[in-house]
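In case you want the letters, here they are:
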Amino acid sequence: MEAAREAIAEASQFNVIHPASGMKIDFFVAGDVIEQSQLRRRLRRLLLPGLEAWCSPPEELIVKKLAYYEAGDSDKHVRDIASMLRISPEQIDLEMVSRLAGEVGLNPL
């Protein structure tokens, strides 16, 4: 609960892990242009039987991961992006990724 309060105060993020399934859900408090776009374009998805939630479009997730990578956080973000492109390329609008990345001054690699 404390992590959620800090995330709200700092416009950052926190996560919750469902112990039985191991599913991790990241929560982001919207602060920048990409995060605001995530809220505008959010998608309703079934997470578990009987449990739906609003989720980020993949394009905004990719741009956020590019930003984390560029900030030097970790190569993990590039691997995550590669996995997204490998697993569900038909669900990702690469032109949108490029446009969003340009809006925040990122090179979409």
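See the structure shown above.
Because the structure is a prediction, the values reported are computed rather than measured. Residues take numbers from 1 onward in each chain, read along the sequence in its written order. In keeping with the model being predicted, local features are shown solely for residues with a pLDDT of at least 70 and side-chain atom pairs are shown and tallied solely at 80 or more, while totals for entire chains, interfaces and linings include all residues. As a rule here, side-chain values come from all non-hydrogen atoms in the structure, and water together with hydrogens is ignored.

> Describe the nonpolar core, with residues and values.
Among buried residues, those of type Ala, Val, Leu, Ile, Met, Phe, Trp, Tyr and Cys that are joined through side-chain atoms within 4.5 Å constitute a nonpolar core. Exposure categories follow from relative accessible area, calculated using a 1.4 Å probe and restricted to protein chains: below 20% of the type maximum is buried, above 50% is exposed, and the middle band is partly exposed. Among the nonpolar cores identified, the biggest contains 12 residues, and these are Ile34, Ile62, Val63, Leu66, Ile81, Met84, Ile92, Met96, Val97, Leu100, Ala101 and Leu106. The numbering of helices and of strands both runs from the N terminus, where a helix is a DSSP run of H or I of at least 4 residues and a strand a run of E of at least 2. When residues in this core are grouped by element, the largest group, four residues, is from helix H5 (residues 94-103). Once residues within four sequence positions are removed from consideration, isoleucine 92 is found in contact with Pro58, Glu59, Ile62, Met84, Leu85 and Val97. It only takes one pair of heavy atoms within 4.5 Å for two residues to be counted as in contact.

> Let's hear about the pairing of strand S1 (residues 13-17): which residues, and what values?
Relative to strand S2 (residues 24-28), S1 runs antiparallel, the two being bridged by five bridges. Each bridged residue has a counterpart across the sheet, and for isoleucine 17 the counterpart in S2 is lysine 24. Linking S1 to S2, which pair antiparallel, is a turn of six residues; within it glycine 22 sits at a positive phi near 80 degrees. By definition, two strands form a pair when at least two bridges between them are found by DSSP.

> Summarise the side chain of lysine 64; cite the residues concerned and give the values.
Tracing the sequence through the fold places lysine 64 in helix H3 (residues 58-70). Overall, the relative accessible area of 9% leaves lysine 64 in the buried class. Setting aside anything within four residues of it in sequence, one finds lysine 64 in contact with Asp32, Ile34, Glu35 and Gln38.

> Kindly report on the pairing of strand S4 (residues 51-55), identifying the contributing residues and their values.
In terms of strand pairing, strand S3 (residues 43-48) meets S4 through five bridges, oriented antiparallel. Paired with arginine 44 across the bridge in S4 is tryptophan 54. From the end of S3 to the start of S4, which pair antiparallel, there are two residues, and glycine 50 there has a positive phi angle of about 80 degrees.

> Explain the packing of aromatic side chains residue by residue, including any values.
Classification of ring pairs rests on two measures: the distance between centres of Phe, Tyr or Trp rings, Trp counted by its six-membered ring, which must be within 6.5 Å, and the angle between planes, read as stacked under 30 degrees, edge-to-face over 60 and tilted in between. All chains considered together, the criterion is met by one aromatic pair. A centroid spacing of 5.0 Å and a plane angle of 10 degrees characterise the contact between phenylalanine 14 and phenylalanine 27, whose relative ring orientation is stacked. Linking phenylalanine 14 in strand S1 with phenylalanine 27 in strand S2, this pair joins segments that are 13 residues apart in sequence. Over the aromatic face of tryptophan 54 sits the side chain of arginine 42, whose NZ or CZ is 4.4 Å from the ring centroid. For a ring to carry a charge above it, either NZ of a lysine or CZ of an arginine must fall within 6 Å of the ring centroid while also lying within 35 degrees of the normal to the ring plane.

> Could you give me a rundown of unusual backbone geometry, with the residues and numbers involved?
Of note in the backbone geometry, alanine 11 takes a positive phi value of approximately 50 degrees without being a glycine. Note that alanine 11 resides in the loop between helix H1 (2-10) and S1.

> Let's hear about the packing of H3 against helix H4 (residues 76-87): which residues, and what values?
Axis angles are defined between N-to-C directions and span 0 to 180 degrees, where every axis is a line fitted to C-alpha atoms and, for a helix, only to the segment in contact. With their axes 8 Å apart at the nearest point, H3 and H4 run at an angle of 155 degrees to one another. Classed by the angle they form, the pair H3 and H4 counts as roughly antiparallel. Taken as a pair, H3 and H4 cross one another with a handedness that is left-handed. On the side of H3, the interface is formed by Pro58, Leu61, Ile62, Lys65, Leu66, Tyr68 and Tyr69, while H4 contributes Lys76, His77, Val78, Asp80, Ile81 and Met84. Residues belonging to the contact of H3 with H4 are distributed by class as follows: nine nonpolar, one polar and three charged. When an angle is under 35 degrees it counts as roughly parallel; over 145 it counts as roughly antiparallel; between 65 and 115 it counts as roughly perpendicular; any other value is oblique. By definition, any crossing whose near helix is turned counterclockwise from its far helix by less than a right angle is left-handed, and any crossing with a clockwise turn is right-handed. Three residue categories are used. Nonpolar comprises Ala, Val, Leu, Ile, Met, Phe, Trp, Tyr, Cys and Pro, charged comprises Asp, Glu, Lys and Arg, and polar comprises the others, including Gly.

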